[in-house]
Each structure stands twice: as C-alpha cells, then as structure tokens.
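What follows is the residue order along each chain.
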Amino acid sequence: METAQRYITIRGAREHNLKNLNLDLPRNSFIVVTGPSGSGKSTLAIDTIFAEGQRRYVESLSIYARQFLGEMQKPDLDSIEGLSPSIAIEQKTITRSPRSTVGTLTEIYDYLRVLYTRIGKPCCPNCSQPIISQDTELIFNKITAYPTGTKLQVLSPIAKQRKGMYEKELASMRREGFVRARIDGQMVDLTEDVKLNKNKRHTIEIVVDRLMVKSGIEKKLKEAVNTALRFSSVAVINLLDENKDIVFSKTQVCPDCGISIPELNHMFFSFNSQLGACPACNGIGYENLSEYDTGIDALISCRRCGGLRLNEVALSVKLGELNIGQLCSLPMSDIKEFLQNMILTERETFIADRILKEILSRLTFIERVGLSYLALNRMVWTLSGGEAQRIRLATQLGAKLSGVLYVLDEPSIGLHPRDCAKLIGTLQSIRDSGNTVIVVEHDEETILASDVIVDMGPGAGTAGGYVVSQGSPAEIMKDENSLTGAYLSKKLSIPVPQQRRVPTGFIKLTGACENNLKNINIDIPLGVFLSVTGVSGSGKSSLILDTVYPALFNANYESKLKEGKYESISGVNEVNRVIYVDQSPIGKTPRSNPCTYMGMFTHIRELFAALLDSRTKGYSHSRFSFNLKGGRCESCKGAGIKKYEMHFLPDAYVVCDMCGGKRFNRETLHIKYKGKSITDVLRMTVSEAREFFLPVITISEKLTLLEEVGLGYIALGQSANTLSGGEAQRLRLCRELSKRATGRTIYILDEPTTGLHFIDVDRLLKILHRLTDLGNTVVVIEHNLDVIRASDYVIDLGPEGGNLGGNVIAEGTPEKISLNKNSYTGQFLNKTKGGVR
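S.K.: Please give an account of the pairing of strand β21 (residues 505-512) that cites residues and values.
M.R.: Both β21 and strand β22 (residues 520-526) contribute to a ladder of six bridges, which runs antiparallel. When the bridges of β22 are listed, Ala512 appears paired with Ile520. Relative to strand β24 (residues 568-570), β21 runs antiparallel, the two being bridged by three bridges. Opposite Leu509, over in β24, you have Ile569 as the bridge partner.

Laid out in structure tokens, this is it:
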C-alpha cells in the first residue's frame, strides 16, 4: 500500500509493442520518457498510463454518465496501482471551428468581456462621442432650462419586430392623445393603415408626435415625457424652431445622434451570440469562411467589422482608446502592458480589481510557456501542434490543481532553446504543486532537467518496447546500455560537417513585410543546406512559408497561391522545382498507407500477378488491389474496417467481420509469394519487408530509404491517419528522394526534427545532406541546435516574437552566427558543449 502511494506501479504492460513491462514510477516527480522513434514511448505514457487513468475516471462516474461516454477499452496490461486522475496534453489541435480562438481557449476573452461590461466606456457607433445615461429628473431639469417660449414637441420612439405587436401600442397611444407617427421616415396619421416594411430585417421604428409645449407648462411637459417613457426607455424632445432633436434616455444614449444602446452585459461581447456577433459574418470575422469549411488559403476579412467579429454596438465600447476587438488583435505581451498601464478611477479600480488579477495571471502563464507573441483572436486551428499544446498547458497552470497526473507529448516542439527554460520551469512548478508530470520528449535540456528518465528501446517497432534504462539523468549517462545516455554524456554526438558548402546563387527578396516582417531585404542562398532560425513568433514562417514558398511556386507552376507582401523577388529562374515537405497527413482515409504512397504496391501486385498460381487462374495485378472489385472483400470494400457515423461524435471504425481486417477475399489470399499472402505483406514492417523483397530492386530500394530515415518500424499497410506528423514528413522526403534528381530543386521543411530522437536526427541529416549534395537547396525552419550546427548557412530572425520580431538579426555560417552577441541562436550555439567547428 505504501508503494502504491509513493509510486505508479505498472505490471505486465503489453499494449502495442510493449514487452510485458514492469516498472515503478515515483509520484509527484517530473518524468521524461524518451527513446528512438517507434520504441514505445507514447504507447507507455499515453496509450497505457493515461488511458487507464481516464478509463478508471469514467468507471467512477454514475451509470448515466457511463452510458453517455461509452465503455472505454482497458489497455493490455495486468495491473496499475497508484494512479491519480489523469490529464493528457497532446499535440493535436483541439478544434477546426473558426469560433475557437486563443482567447476563448484560455478563457482570457471571457474575463475581458466582463471587464468591458463593468468599466467599458460606451461610445456612439456613428460619431464616436461618449454615450451618457440620464435619470428622469435630469431630463426635466435640462428641458425646463430652455428659455420661455421655446417650442418643444415630445416624441416617443418604439421598436417592434412584428406588425401585430405594435398595433395595440398604436391604439393605446391614440387614447393618450398622440395623433401622428413617423414610420420609415414618413409622417402618417395614426388613423391610417400602418404596414410593416418587409425589407426591414430586424425592427421597425415608430416615432409618435405628442403635443406642443409653450411657455414652460411643466405639468403637461412631465405628463408628456412620462407617457413617452411608458412606451420606450428613450424620450426625444424636438426643438421645432431649430428642427433639432435632443435625446434623453433612462439607459444610455448619444446626445448628438440620439442613438441609444441597451444596458451592457457580457453577451454583447460574445461573437457566438446574436447580441454581439457581427451580422455580416455571423461572428466569424471572414467573408469566405464558414462554420464547417476551414480549408481556405486566402481569407477575406469581413468588410463590416474588419475581422473583429462583433457588431457596431459591441465595438463602440472602449477601454482607453481600444474596443475589445482591437485589444484582442494585439500580441498578448502588448495586452498585458496595456492593462497594467490603464488609468482607472478609484471606483473603477475597485470594480475591476479581481477581474484584472485573473486576466494578468493567465497572461503571465502564457508568457511562461513562450507564447506571448500570439494574439487572443488567433484561431485555434491555425496554431501548430506545439503551440496548441502549450496553450493547454498554460490553461492547466491557471487551474492550480494538485494530486493530478499530467501526460504531455513533446511540449518543446516549436520552442527556441531560449524559451525551453521557461517551459521546463513551468513543468517543474506543476510538479511542485503536488502533481506527477510524465513527458514524452527528445529535447536535451528537458531530459536533463527531469527527476527520472525512462529510456525505451533498443530499436523501433518489434525491436522496441523494452525499458533499456531507468534513473536520474546522471545514472542514465553512466548506463552503457542507454543510447540516450550516450548522447547526453557526449560519448556519441551528431557530426558537424568538416566543410561548409558555398552558395551557387541567391534568391533576392526585398521589402518583405508579411505579418510582423519589418520590410526586410534578404538573400536566400541556393545549393546549400539552410536553417532559418529565431525565437517563436520571430517571423520564420512568415518569411519562408507565407512569402518565399508561394512566390517560387507561382513562378514555377503558374499557380495563384496567396503570396505574402513584398516589393520584389529575383533569382526564381534558378529553381525549377519547389517542394514543401510538411507534416500534414499523407492521406485522409484509412485506405491510404505507406506502401501505396511510396508507389511500391504496384510493383508488389505485379509480382503476385506473375506467380504461376495467378497465371493459372487468370489473375491480373488488379486482382490484388483493395480498391477494385474482384479480389477485395466486398463487405468492407477492401478497407479492412467499416465506418460508422456517430453524428455529433467522431466516426467509429470497426474491423470488418467478414474478412477480419484482411481486406481481400479467400481466393485472393490463397495466392502466396514465398509463403506470404498479399495481406501478410501489408502487415510486415518496413524492416521485415526489406529483407523479404531484397532481390526485387524496385521494391527494396524504396524500403531501404524508409529504413534510413528511421521508419523501419512502421507497417507497409498501416493506415495513413495513424501516422504522426513527423512520420508523414519523412515519408514525403523518401518519396522525393526516390524520384529522379534535377539538381535545381528547393526543398522546404518546417521543423523536420519533430518526434525524433538523437539517433533519428542523425539519420535525417544524412538524408538532407544527400539531397543537397545532388545540387538541390534544402531550407529548414528549425530550433534543434544539432541541425543548425550541421547546416551550411543560417538566417536568424528576431530579436523577439510578435511585434518585436521580424528583423534579420544575423546571417551566414553557423560559426559566424555563434559570434553574434545579438543573436539568441548564436548565444546557444556558442555555449553548447562542443560548440561549432
């Protein structure tokens, strides 16, 4: 019992490739699970430990809650003791909804809505003058202050949405003595038939004339005003000689324009409600973006609200000079400074104190995880996996929980080494609050800062699934069995090139000013391995992905990708192919797999069709396709699984009960090559298939490439939607390598080291160097110091993120960058063990 309280005790873990693991993990500790790609890290941390914690939580709920959530499958293990309630903070972006923003996700926007409701200053949407509220006595005092003989007319505007709703009101006003009404700008007798203008979508305004007031008849005046205020919260006094209206309101009204707004509440600032949302874009902020379609490259801001999502009334309420939409468009670092420097009255300070403390606290948590360059109105689906994960981490910090098990999947993704220290401090503060933190991680600084390392391996796939070593960083570095320990102790290291390549030419870009880029001029070297670096939000993606890539792509393929703003670009004729190797899925359906993506399946099918048994039965290569009738299982149409739509929940996939997931019918499976059916081949790992097809050059060459980039553990027929972003990116690299080289191709990669262990980074670099040696240009956006050291040329942006970034801080070889004191990247290159050559 004592052990269970001090440790998470795992016995007989066999999920996926885990080899019947037994291990004890100390509670209230910072634990890093590391090892080569495919060694079982995520299987242990997420699919076993977190999954069992989540399952037990669901089991503890009422029977009604369990019926709603469904039965959760128990991971394949004998037992786990000492588990706490579990929270997983993964890389996956939370939602594709355009309504989900950084502000709503962190709940900062909810607090800002309350702040604007409590101390915001309403202004007139027309003339921007401050709107004031007045009581009845003030109205009388102001009216009676006019000189004797002033001709006044009391008008009463009322608004109704349907004709039937105001007919009774008109009849009542006739009895009160009102004789005329102004409807849609025209004066009519109340005896006339009043009809609703069908073109008016929301309301109809009725202005009723009451009586003339001469020589200060105060009693009749008060009677008229009170009568008017019975029909509306607004009384309009018309000065007949000046033909001017003076508006008085029990709520809030512009004294010049006469526009009144209702009493504010927080729903007026919600872009999810009819009260606050801009009617033109329905609160989304873009004209060409819908609730369900976010796959649009060039977004067009709503012309009515300017992309601020809210209607005119909500945007007319200000703190200082900013409305809530303008404030949320600023980087969070600027929002924090704005709120801290606001000048408030004593009353406003008293009202806003607790709200401001909550907002500033959450902004501080955001700053601690290195994301203060983001704006609150940034849509969640545009965040990278690492950014989304750190946003959730900051939100959890604000919750201030204790006694919880946190499981994180590579939170350092997208972080510059300078910002990793902030992340590590955050994880340690969560631990110090009485929680257990388990992190799947490859970042060296994070591993060294942990209390306990669990090193998985020794290989990937079937060659992994063991705990190679467990202990403190110092103990791991002394363990000869630990590959991770060898890299941490510098017994092994990723080599630095003996000689840097010299650029063969340049792409010259001038006046780049997309997003936060400060009108920069930059020369992109060709024929080299280039790293583009800088702290998070410094402008790396704005320069390469938003500006250079679309400009080159459009020039080479006569396409119309949206290009970032710049003055001129030259040297594009030096490039004849542009390849962006991103981390998006290689296929959207379970049918897509590495074998089909790499073009190997055609050769495998032809091999099976050439067998004697196939020729005897008249089978062609189409017999062995799971996309065509004849050889496939018709029950699942060759998918091996069946999809069940769950309407409001994600679609569910179930193994086909007819073929048992084999995809093909019985007759097709009778055809075997070297004792293996077509299904057996698809179930092989890349490493197994390479040995199996070694004599078949067209197949084995591509399998060798996959093994060289560290993908030997994935199955040939593994569904594409189960591959990580890093795995998909390496598959793309291999496919490009398998094509005929032109020597004038530019390859662009965004953080290719995501999910890679030291040994995998070494393998990846060999592939990138091979591409460059063929005369191509390789451009990587990267924070990994080993990759930066291995590159020929570096462009470093900064100095900070957001508005403080967007400048070129340094450019040249890694040696030159390391000597630049203004470059954060250079500082870390200089102080890292081994430095640069």
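S.K.: Provide a residue-level description of the packing of aromatic side chains, including the pertinent values.
M.R.: Tallied over the entire structure, the rule returns 13 aromatic pairs. Both rings, one in Tyr487 and one in Phe758, keep their centres 5.2 Å apart while their planes meet at 10°; by these two values the pair is stacked. Of this pair, Tyr487 sits in helix α17 (residues 483-488) while Phe758 sits in helix α27 (residues 758-773), and the two are 271 residues apart along the sequence. Side by side, Tyr487 and Phe758 carry an identical accessibility label, which is buried. Ring centres of Tyr549 and Tyr580 lie 5.4 Å apart, and the angle between their planes is 50°; this geometry places the pair in the tilted category. Note that Tyr549 is positioned in helix α18 (residues 540-557) and Tyr580 in strand β25 (residues 577-581), a separation of 31 residues in sequence. Within the aromatic cluster, the residues linked to one another by ring pairs are Phe608, Phe624, Tyr673, Phe692 and Phe693.

S.K.: An account of the nonpolar core is requested, with residue identities and associated values reported.
M.R.: One recurring pattern in soluble globular proteins: nonpolar side chains tend to sit buried together. Among the nonpolar cores identified, the biggest contains 129 residues, and Leu112, Leu115, Leu339, Ile604 and Phe693 are the most heavily contacted of them. Core analysis: the next-biggest nonpolar cluster, separate from the first, contains 26 residues, Leu517, Val532, Ile544 and Ile795 among them.

S.K.: So what's going on with the side chain of Asp762? Residues and values would help.
M.R.: Secondary-structure assignment places Asp762 in helix α27. Lys766 provides the closest opposite charge to the buried, unpaired Asp762, separated from it by 4.4 Å. Here Asp762 is in contact with Tyr487, Ile494 and Pro495, once residues within four sequence places are set aside.

S.K.: Account for the environment of Gly640, naming residues and giving values.
M.R.: Here Gly640 is to be found in the loop between α21 (612-617) and β26 (641-644). In this structure the C-alpha to C-alpha distance between Gly640 and Arg663, which are 23 residues apart in sequence, comes to 4.5 Å. Contacts of Gly640, omitting those with residues within four sequence positions, involve Val655, Cys656, Cys659, Gly661 and Arg663.

S.K.: Pulling in residues and values, what's your account of the side chain of His442?
M.R.: Mapped onto the secondary structure, His442 falls in the loop between β18 (436-440) and α15 (444-449). Here the side chain of His442 touches Gly35 through a polar contact of 3.2 Å, landing on its backbone oxygen. Each residue touching His442, except ones within four places of it in the same chain, is listed here: Thr34, Gly35, Lys41, Glu410, Ile447, Gly755, Leu756, His757 and Phe758.

S.K.: Before we move on, could you go through helix α20 (residues 600-609) and cite the residues and values that matter?
M.R.: Of all ten residues making up α20, seven are buried, and the element is well covered by its neighbours. Looking at α20, one finds that the buried residues are Met600, Phe601, Ile604, Arg605, Leu607, Phe608 and Ala609. Looking at the buried positions of α20, the neighbouring elements they touch are α19 (594-597), α21, α23 (678-682) and α25 (697-708).

S.K.: Before we move on, could you go through empty space enclosed by the protein and cite the residues and values that matter?
M.R.: Overall, the coordinates contain three cavities of 30 Å³ or more when judged by the stated rule. For the largest cavity, the lining is made up of 13 residues, of which Tyr109, Phe271, Arg309, Cys328 and Asn377 are closest to its centre. Counting residues per element, the lining of the largest cavity draws most heavily on helix α10 (residues 324-328), which supplies three residues. Grouping the amino acids of the lining of the largest cavity by side-chain chemistry returns six nonpolar, six polar and one charged.

S.K.: Explain the sheet that holds strand β2 (residues 21-26) to me, using residue names and the numbers behind them.
M.R.: The strand order across the open sheet formed by three strands is β2-β1-β4, and the pairing between neighbours is antiparallel. Each having just a single partner strand, β2 and β4 (79-81) make up the two edges of the open sheet. The average undirected angle you get between the axes of adjacent strands in this sheet is 5°. Alignment of strand β1 (residues 7-13) against β2, held across five bridges, turns out to be antiparallel. Looking at the pairing, Ile8 lines up with Leu25 of β2. In the packing of helix α2 (residues 41-60) onto the sheet, contacts are made with β1, β2 and β4, and the angle to β4 comes to roughly 70°.

S.K.: Residue-level account of the sheet that holds strand β6 (residues 121-122), with values.
M.R.: Within the open sheet, the three strands sit side by side as β6-β15-β16. Their pairing is antiparallel. Both outer strands of the open sheet, β6 and β16 (322-323), are each paired with one neighbouring strand and no more. Pairing between strand β15 (residues 317-319) and β16: two bridges, direction antiparallel. Bridge pairing in β16 links Lys318 to Asn323.

S.K.: Go over the pattern of salt bridges, please, and point to the residues and values.
M.R.: Inspection of the entire model under this criterion finds 34 salt bridges. Close ionic contact of Asp110 with Arg113 constitutes a salt bridge, the shortest N to O distance being 3.2 Å. Residue Asp110 and its partner Arg113 are both found in helix α5 (residues 108-119); the two are separated by three residues, about one turn of the helix. Judged by its relative accessible area of 10%, Arg113 falls in the buried class. The partner of Asp523 in a salt bridge is Lys508, with the nearest N and O atoms 3.3 Å apart.

S.K.: Let's hear about unusual backbone geometry: which residues, and what values?
M.R.: Apart from glycine, the bulk of residues carry a negative phi angle, and the bulk of peptide bonds sit in the trans form. Gly457 connects to Pro458 through a cis peptide bond whose omega is 0°. On the secondary structure map, Pro458 appears in the loop between β19 (452-457) and β20 (466-471). Here the residue pair Gly798 and Pro799 is connected by a cis peptide bond, since its omega of 5° sits within 30 degrees of zero. Counting through the fold element by element, Pro799 comes out in the loop between β30 (793-798) and β31 (807-812). Positive phi outside glycine occurs at Asn515, with the angle close to 55°. Non-glycine residue Lys674 carries a positive phi angle of around 55°. On the basis of relative accessible area, Lys674 is assigned to the partly exposed category, the value being 49%.

S.K.: So what's going on with α18? Residues and values would help.
M.R.: Look at α18: 24 Å from first C-alpha to last across 18 residues, which is about the 26 Å you get at 1.5 Å a residue. Largest kink in α18: about 30°, centred on Val548, with the proline Pro550 one to four residues after it. Of the positions making up α18, those classed as buried are Lys540, Ser542, Leu543, Ile544, Leu545, Thr547, Val548, Tyr549, Pro550, Ala551, Leu552 and Asn554. Following α18 by one or two positions, Glu558 adopts a phi angle in the positive range, close to 50°.

Reading guide: rules and limits
- Residues numbered from 1 in each chain as written.
- Predicted model: local features only at pLDDT ≥ 70, side-chain atom pairs only at ≥ 80, totals over all residues.
- Heavy atoms only, no water.
- Pairing = 2+ DSSP bridges.
- Helix = DSSP H or I, 4+ residues; strand = E, 2+ residues; numbered from the N terminus.
- Phe/Tyr/Trp six-rings, centres within 6.5 Å; stacked < 30°, edge-to-face > 60°.
- Buried < 20%, exposed > 50% of the residue type's maximum accessible area, 1.4 Å probe, protein only.
- Core = buried A, V, L, I, M, F, W, Y, C linked by side-chain atoms within 4.5 Å.
- Lys, Arg positive; Asp, Glu negative; His and termini not counted.
- Salt bridge = Lys/Arg side-chain N within 4 Å of Asp/Glu carboxyl O.
- Contact = heavy atoms within 4.5 Å.
- Polar contact = N/O pair within 3.5 Å; in protein donor to acceptor, adjacent residues only side chain to side chain.
- 1 Å grid on protein atoms, 1.4 Å probe; cavity = no way out; pocket = protein on both sides within 12 Å on 5 of 7 lines; lining within 4 Å.
- Points joined across faces, edges and corners; volume = space filled by probe spheres on them.
- Nonpolar A, V, L, I, M, F, W, Y, C, P; charged D, E, K, R; others polar.
- Axes fitted to C-alpha atoms, helices over the stretch in contact; angles between N-to-C directions.
- Expected span 1.5 Å × (residues − 1).
- Bend = angle between axes of the 7 residues up to and from the residue.

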